[in-house]
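# Breakdown of the fold
What follows is each chain in one-letter form.
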Amino acid sequence: MALAPRLVTLVLLAAPAAAADEVPFVVSPDSVTLAMLQAAKVTSEDYVLDLGSGDGRIVILAAKRFGARGLGIEINPQLVEKSRENARKAGVAERASFREQDLFKTDLSPASVVTLYLLPEVNMQLRPKLLALRPGTRVVSHDFDMEDWEPDKSMTVEAPDKPIGLGKTSKVYLWIVPARVDGLWCGTGKAKGRSLSVAQRHQKVRIDVPDGATVKALEGRIEGNVVRTRTKVLNLGYDGQKLRATYAGGPMAALKGATFVRPKGQSCG
């Protein structure tokens, strides 16, 4: 059952959660559930993993409205059984399943979308596992952010039936897991002798491009496997092993089509 507003407030002010069963179950309003799935652009190709799935509404809606498959992880056995019953009633039991399990012990790797309505401390405990997911995986959180991992998108949603808080609105945050491209990259083929040095903090990057005696510094962002510079002079695609300049213009025009790999040692050459 959902916690009363006062009890939820006390839990939110308590010491950081040490285990998944310390996270209270608070119903997400239907308007917020839909906004979360729309923010992640869920389709029938997706596998949605809802951590702390409560009565199962997010996974069920993902299956019923968007045709996705999904799994809800919930520590409370009564809520797991209720979710399964709700999925059967909705006619989506084949695509929406639920498991009684500690969310910290859950394998997140099958997911293309991860949804959360957890306490801030729990978000932060999960953050390393979320950042380690496949580039392009979408992570959506109701109300609580990831501190200095800034969202790629956020929105305010009207929630007149929200059970807690004075304001009848909710925040929805979306992150797209970025590829890890930090470090030195060495040119191959026609780009041999050229290099890129990438400094990365989550989805934000700075790319230093040596050019003779000077170094051009480009600020940019990563969306999944694609790096785009703020000045729109260089786009890089990452295939898990190589960086390729899919677009290069202006002062970077000579890099168009160039491919870069990580060096075997500490330097190129």
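Structure shown above.
Residues numbered from 1 in each chain as written. Predicted model: local features only at pLDDT ≥ 70, side-chain atom pairs only at ≥ 80, totals over all residues. Heavy atoms only, no water.

### A word on the side chain of Ser-170
Tracing the backbone through its elements, the reader meets Ser-170 in strand E7 (residues 169–176). Among the polar contacts listed, one links the side chain of Ser-170 to the side chain of His-142, at a separation of 2.8 Å. Here Ser-170 is in contact with Val-32, His-142, Asp-143, Met-155, Thr-156, Val-157, Ala-159 and Lys-162, once residues within four sequence places are set aside. (Helix = DSSP H or I, 4+ residues; strand = E, 2+ residues; numbered from the N terminus. Polar contact = N/O pair within 3.5 Å; in protein donor to acceptor, adjacent residues only side chain to side chain. Contact = heavy atoms within 4.5 Å.)

### A closer look at the sheet that holds strand E12 (residues 226–229)
Taken in spatial order, the eight strands close into a barrel running E8-E9-E10-E11-E12-E13-E14-E15, and their pairing is antiparallel. For this sheet, the mean inter-axis angle between neighbouring strands, taken without regard to orientation, is 30°. Taken together, the eight bridges between strand E10 (residues 204–211) and strand E11 (residues 214–223) define a ladder with antiparallel strand orientation. The residue of E11 that forms the bridge with Val-209 is Lys-216. (Pairing = 2+ DSSP bridges. Axes fitted to C-alpha atoms, helices over the stretch in contact; angles between N-to-C directions.)

### Focus on helix H2 (residues 30–39)
Of all ten residues in H2, seven are buried; the element is thus mostly enclosed. Those residues of H2 that sit buried are Val-32, Thr-33, Leu-34, Ala-35, Met-36, Leu-37 and Ala-39. Buried positions along H2 lie against helix H3 (57–66), strand E4 (113–116), strand E5 (138–142), strand E6 (153–158) and E7. Following H2 by one or two positions, Lys-41 has its phi on the positive side, about 50°. (Buried < 20%, exposed > 50% of the residue type's maximum accessible area, 1.4 Å probe, protein only.)

### Looking at the packing of aromatic side chains
Enumeration over the complete set of coordinates arrives at three aromatic pairs. Ring geometry for Tyr-173 versus Trp-175: centroids 6.0 Å apart, planes at 25°, classification stacked. With respect to class, Tyr-173 is no different from Trp-175; both count as buried. With a centroid separation of 6.0 Å and an interplanar angle of 80°, the aromatic rings of Trp-185 and Tyr-238 are classed as edge-to-face. With Trp-185 in strand E8 (residues 183–188) and Tyr-238 in strand E13 (residues 234–238), the pair connects residues that are 53 residues apart, well separated along the chain. Taken together, the ring pairs in this structure connect Trp-149, Tyr-173 and Trp-175 into an aromatic cluster. (Phe/Tyr/Trp six-rings, centres within 6.5 Å; stacked < 30°, edge-to-face > 60°.)

### Remarks on the state of the cysteines
Summed over the entire model, instances satisfying the criterion amount to one disulfide. Disulfide pairing places Cys-186 opposite Cys-268 at an S-S distance of 1.9 Å. On the sign convention where negative is left-handed, the bridge of Cys-186 and Cys-268, at about -90° about the S-S bond, is left-handed. With Cys-186 in strand E8 and Cys-268 in the segment after strand E15 (259–261), this residue pair connects regions lying 82 residues apart in the sequence. (Disulfide = S-S within 2.5 Å.)

### Details of the side chain of Ser-141
Along the chain, Ser-141 turns up in strand E5. Of note is the side chain of Ser-141, whose polar atom sits 3.5 Å from the side chain of Asn-123. For Ser-141, the side chain forms a polar contact with the main-chain oxygen of Phe-144, separated by 2.6 Å. For Ser-141, the contacting residues outside a window of four places in its chain are Met-36, Leu-116, Asn-123, Lys-171, Val-172, Tyr-173 and Trp-175.

### Description of the sheet that holds E6
Taken in spatial order, the seven strands of this open sheet run E3-E2-E1-E4-E5-E7-E6, and their pairing is mixed. The open sheet has two edge strands, strand E3 (96–100) and E6, and neither has a second partner. Averaged over all adjacent pairs, the angle separating strand axes in this sheet is 20°, with direction ignored. In terms of strand pairing, strand E2 (residues 69–74) meets E3 through five bridges, oriented parallel. Its bridge partner lying in E3, Leu-71 is registered against Ser-97.

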